[in-house]
Amino acid sequence: MKRKLTLLLILVTTGAFSCGWGPVDDLYFFYNLFEQTNISAKAYYPFLREDANHFYNADWDQEYHEGNVLLWQQLLTEWSEEDIRKTFHATDAEFKVLLSKHKSDLDAQVKAYMNFARKCSATFSDRRTNSWEYRDIMKVETENTSALIEEGSKLFASAKNDQLKLRYAYQIIRAFHYGSQYQEAIDFYEEQVADQFEKSELYYYAKDQVAGCYYSLYQYEKAAYFFIDIFNNSIDRKTSAFLSYQYCTRNGAEGKSFFKDNQDKAAYITITGVRSMAGDEETLDRLYEVAPNDEKVELIFMRALNDLERTIWPTHIGVKDMSLPNPEEGREALEYLTAFVSKAKQNKQIKNQAFWQMASSYLAFCEGNIKEAQAELTKVNDNSLQGQKAELTKVYEVFTWSKMTVDHEAYLANFLDGEMTSVEVSNWQTSEPSWKYLIMDQVAHLYYKDGKLAQSYFVHNDIESIRRIASLPLIDDILAFVQKPQKNAFEQMLMRKTNNIDGGYSAVDYIKYIKGLYYLKKANPQEAYAWLKESKVNEGDNMVSYQVSAKIFSNNIMECFSCSEDMVMVDSVYLASPFSFIKSNFTKAELADYVAKLEDMAQNNTAQWKRKLAFYLLGNFYYNASNSGYYRDVLIGGGNCCNYNFFLSDYDEKNRASTIIESNRGYNLYDLDDHYDVYNKLSKKSYGFYEKVIENSTDRELNARCLYLMAKCELNSMYNEVKSYKYWGYNGDVTDEIRPYKRSFRRLQNEYDNTQFYKEIIEECSFFRYYTSV
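Every chain is numbered independently, its residues counted from 1 as its sequence is written. Under the rules for a predicted model, residues below a pLDDT of 70 receive no local features and side-chain atom pairs below 80 are neither given nor counted, while totals for whole chains, interfaces and linings still include all residues. To obtain the side-chain values, all non-hydrogen atoms of the structure were included, while hydrogens and water were left out.

Right, let's talk about the environment of Ala157 for a bit. Helix and strand definitions follow DSSP, with helices as H or I runs of at least four residues and strands as E runs of at least two, each counted in order from the N terminus. With respect to the helices and strands, Ala157 occurs in helix H7 (residues 146–158). Each C-alpha atom, one on Ala157 and one on Ala169, is 9.7 Å from the other, the two residues being twelve residues apart in sequence.

Following this line, the structure appears as structure tokens:
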């Protein structure tokens, strides 16, 4: 019965996070600097804090034998630990070979026991079912164990070695239990085991079985007390006792009526505290009051400290208005834990002072008092904590720096080599080891605060992410950095973020090209041409350098980003003879050159008809390259599809990358790419050119078309400027807020309603048709 209940609870609890939307690893969300496994008792590791599983680092395909292995090692001094562990899962053939290596009289006795134990395990194998269906679990029938009990009783009676005798007793009790002979199991335990053997790990194995028998006989209070005792003293059966105890409490039993001492109370306080899924202060105070030197005090303290870390060491804060540490929200918990550690350090009953000394140092660091943290850390001399001490020593050192220097970079190069790779840290990747990634966050912050934008950017970001960020200071700083000669070891590590450029181009060529595209985004084609033609990327064919179609100077009435350009871009003015210099396909440098020539033609040509058509093509280009234009990806690289790449959602931060850099906002540049610039106001530039067309034109059909294209520019401004209307959600309504973005529709309706274009567009465009009906 107990085995069935335990399995069921395991299956229910371990699936809690299996259907989540994001990372299930707790460490994605915070830096866990103080290792939870610093507690002195490994047996309590399963109860450390982890939200994704019922138990810390749980693997439900794994069985825990540590206490049993230690017991075997005491008996089988000539056996290797590896051979002992092999016995648990060896096949018959492997088992035979294993035993053939050991031939003493004691080995013969061990062989007899192990053969019997394997027979028992084979008989009870169906009890290990791991079905998700409760009905399947309950199908396990009561085994006929009488033959096993008879054989085991004879072996038990003849056994001379106390440990082997106790092992036989455990198998007999197990056979009684699984044969539903619950009272017989209890009687055998009370008569032959309870006061007859040393309370070793196997003693608690047997007691665990008996507790299950009490549960099956509805003696829940007795069962609960047994599980409390097992939790207190066993190594291997702590987790099963913890789970089984919960079933007793569901039946109103807690075992309190059998409590004998403070150890029983300490176990009770610990189990109930851990069940709350957080190491809270009340649990810690109650536990300390009854058993201050109990190992479980470290466990509950560690859970509380880990909970504090989740508040003060958030990961990936990037451009948020936060800093590290971030203690204010955890102020109350920080003060409580600091006071608790001070109390524990002064208590002479507590033997493991090194743990509390380390905790004292760490809490001082969390408070921001680094000098005190360093002073306290030097006092930690326990060998088991030297790894943690070495990590914190490095973290503390970095947090004493006010800026980055050559010496600091040399210091970092010694231990950050494995983390500073050419692969960007993914938003869904757990940052482990935490102490190194926290250091990287702080280093990026120091660079950023000192105006070293390139270094700050490369701590976290790949060079290709810069293509969507329209920040000239950042682009220029990256260009200066990648051109810097004789980089030191750490700078060379940062340069790994430039190793995987699509097409294999150098970082210098890539950034020159990006700078050229920046100037195109800012409507400066002359400067753009100068940078683009200087880069080898211009002649390539990768994500950003692919060739452009001449139809970028056309325009469209039908909106369809998934349709081919031949279907959508139907206007053909760009094919007129004055524009014969425009090839059918061309590089981005040629694009910049063409735009510059069109601007020169529009401003300086004496022929009015040529000027107006040059203005017209310029209007087409700038709208098509805007974030609602058909070629909206042409200046950033990437796909032409999907609204979320080009327009902000309601939950997006409205300050974009260029603004963030300009205002020096945020902690570091970790997530700057998430704030990529989407709106370069190119449609406003387009709008001005279309106005110039109308000023220079008496062609009413052309002017009517320009007014419609100007209405598209206004709509683009609305999408980018008015929070309540989005590209994918606007239905054409004309409210007081929207009316300023409908001026061109009004002019088209009032001044050009007798044109052929007006008749065509009112049929094609539902927004305009709706507008004219209002």
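A covalent bond between the sulfur atoms of two cysteines is what we call a disulfide. When two cysteine sulfur atoms lie within 2.5 Å, the pair is treated as a disulfide. For the structure shown, the criterion picks out one disulfide. Between the sulfur of Cys560 and that of Cys563 lies a disulfide, 1.9 Å long from S to S. An S-S torsion of about 75 degrees defines the bridge between Cys560 and Cys563 as right-handed. Under the scheme applied here, a residue whose accessible area is under 20% of the maximum for its type counts as buried, over 50% as exposed, and between as partly exposed, the area being computed with a 1.4 Å probe on protein chains only. Taking relative accessible area as the criterion, Cys563 reaches 17% and is therefore assigned buried. In this structure Cys120 is not part of a disulfide, and its nearest cysteine sulfur, from Cys213, lies 15 Å away. Residue classification places Cys120 among the buried residues on the basis of a relative accessible area of 0%. The cysteine Cys213 is free of any disulfide, with Cys248 supplying the nearest cysteine sulfur at 13 Å.

It is worth spelling out the side chain of Arg174 at this point. Structurally, Arg174 can be placed in helix H8 (residues 162–178). Assessed through its relative accessible area of 7%, Arg174 is described here as buried. A 3.5 Å cut-off defines polar contacts: any pair of N or O atoms within that distance qualifies, except that in protein one atom must be a possible hydrogen donor and the other a possible acceptor, and neighbouring residues in sequence count only when both atoms are side-chain atoms. Side-chain polar atoms of Arg174 contact the side chain of Gln171, separated by 3.0 Å.

To continue, consider the environment of Phe55. With respect to the secondary-structure elements, Phe55 resides in the loop between helix H1 (2–13) and helix H2 (66–75). Judged by relative accessible area, Phe55 falls into the buried class, the value being 3%. In this structure the C-alpha to C-alpha distance between Phe55 and Asp674, which are 619 residues apart in sequence, comes to 35 Å.

Looking at soluble globular proteins, one finds that nonpolar side chains tend to be buried together. Put simply, buried Ala, Val, Leu, Ile, Met, Phe, Trp, Tyr and Cys residues joined by side-chain atoms within 4.5 Å make one nonpolar core. Among the nonpolar cores identified, the biggest contains 248 residues, and Phe301, Trp313 and Phe553 are the most heavily contacted of them. With sequence-adjacent residues up to four places away left out, Phe301 is seen in contact with Leu284, Leu337, Phe340, Val341, Phe355, Trp356, Ala359 and Leu363. Counting residues in hydrophobic clusters, the runner-up holds ten residues, among them Ile636, Phe647, Val722 and Tyr730. In what follows, a contact means two residues having at least one pair of non-hydrogen atoms within 4.5 Å.

For any two helices packed against each other, one specifies the inter-axial angle together with the distance between the axes. Axis definition: a line fit to C-alpha positions, over the contact stretch in the case of helices; interaxial angles, taken between N-to-C directions, run 0 to 180 degrees. At a minimum axis distance of 9 Å, the contact between helix H14 (residues 281–290) and helix H15 (residues 295–312) shows a crossing angle of 165 degrees. Our classification of the angle between H14 and H15 gives roughly antiparallel. Judged by the sense of rotation from one axis to the other, the crossing of H14 with H15 is left-handed. Where H14 approaches H15, its residues Thr283, Leu284, Leu287 and Tyr288 are matched on the opposing element by Lys296, Val297, Ile300 and Phe301. Asp, Glu, Lys and Arg are counted as charged, while Ala, Val, Leu, Ile, Met, Phe, Trp, Tyr, Cys and Pro are counted as nonpolar; the rest, among them Gly, fall into the polar class. Of the residues assigned to the contact of H14 with H15, the class counts are six nonpolar, one polar and one charged. Angles are sorted into four bins: roughly parallel if under 35 degrees, roughly antiparallel if over 145, roughly perpendicular if 65 to 115, and oblique for all others. Here is the rule for handedness: rotate from the far helix to the near one, and if that takes an anticlockwise turn smaller than a right angle the crossing is left-handed, while a clockwise turn gives right-handed.

Time to look at the packing of aromatic side chains. In summary, the pairing rule links any two rings of Phe, Tyr or Trp, Trp by its six-membered ring, whose centres are within 6.5 Å, and it sorts them by plane angle into stacked for under 30 degrees, edge-to-face for over 60 and tilted for everything else. Evaluation of the coordinates by the stated rule reveals 53 aromatic pairs. Aromatic side chains Tyr218 and Tyr220 sit 6.2 Å apart centroid to centroid with 80 degrees between the ring planes, which places their arrangement in the edge-to-face category. We classify Tyr218 as exposed; its relative accessible area is 63%. Among the aromatic residues, those joined into a ring-pair cluster are Phe34, Tyr288, Phe301, Tyr336, Phe340, Phe355, Trp356 and Tyr362. We count a charge as sitting over a ring when the NZ of a lysine or the CZ of an arginine lies within 6 Å of the ring centre and within 35 degrees of the ring normal. Across from the ring centre of Phe415, 5.6 Å away, lies the NZ or CZ of Lys394, which sits over that ring. The ring centre of Tyr676 lies 3.6 Å from the NZ or CZ of Arg468, which sits over that ring.

One speaks of a salt bridge when a side-chain nitrogen belonging to Lys or Arg is within 4 Å of a carboxyl oxygen belonging to Asp or Glu. Here the structure, examined in full by the defined rule, presents 34 salt bridges. Here Lys154 ties to Glu150 by a salt bridge, and the two come within 3.9 Å at their closest N and O atoms. One end of the pair, Lys154, and the other, Glu150, are both in helix H7, four residues apart, so they sit about a helical turn from each other. Assessed through its relative accessible area of 57%, Lys154 is described here as exposed.

Listed in full, the buried residues belonging to H14 are Thr283, Leu284, Leu287, Tyr288 and Val290. Tucked into the core, H14 has its buried residues touching helix H13 (262–275), H15 and helix H16 (331–346).

Residue placement: Asn38 occurs in the loop between H1 and H2. At a separation of 2.8 Å, a polar atom in the side chain of Asn38 contacts the side chain of Gln388. If sequence neighbours within four positions are ignored, Asn38 has contacts with Met302, Phe355, Leu385 and Gln388.

Note that patches include only residues with greater than 30% relative accessible area and no salt bridge, and the join distances are 9 Å for like charges and 5 Å for nonpolar side chains (Val, Leu, Ile, Met, Phe, Trp, Tyr). To be clear on the numbers: accessible area is Shrake-Rupley with a 1.4 Å probe, and residue cover counts the displayed protein chains and nothing else. Counting rule for charge: Lys and Arg are taken as positive, Asp and Glu as negative, and neither His nor the chain ends is counted. Note on charges: their place is set at NZ of Lys, CZ of Arg, CG of Asp or CD of Glu. Together, Glu184, Asp187, Glu190, Glu191 and Asp195 make up a negatively charged patch on the protein surface. Mapped onto the secondary structure, Glu190 falls in helix H9 (residues 182–192).

Turning our eyes to something else, we now look at unusual backbone geometry. Here the bond from Leu324 into Pro325 is cis, since omega is -5 degrees, no more than 30 degrees from zero. Its location among the elements puts Pro325 in the loop between H15 and H16. Of note, Gln486 is a non-glycine position whose phi angle comes to about 50 degrees, a positive value. Along the chain, Gln486 turns up in the loop between helix H23 (472–483) and helix H24 (489–494). Despite not being glycine, Lys681 has its phi angle at roughly 60 degrees, a positive value.

Right, let's talk about the environment of Asn620 for a bit. Here Asn620 is to be found in helix H29 (residues 608–624). When the C-alpha atoms of Asn620 and Gly152 are compared, they prove to be 92 Å apart, with 468 residues separating the residues in sequence. From its side chain, Asn620 meets the backbone oxygen of Phe553 in a polar contact 2.8 Å long. A polar side-chain atom of Asn620 sits 2.6 Å from a polar atom in the side chain of Tyr690.

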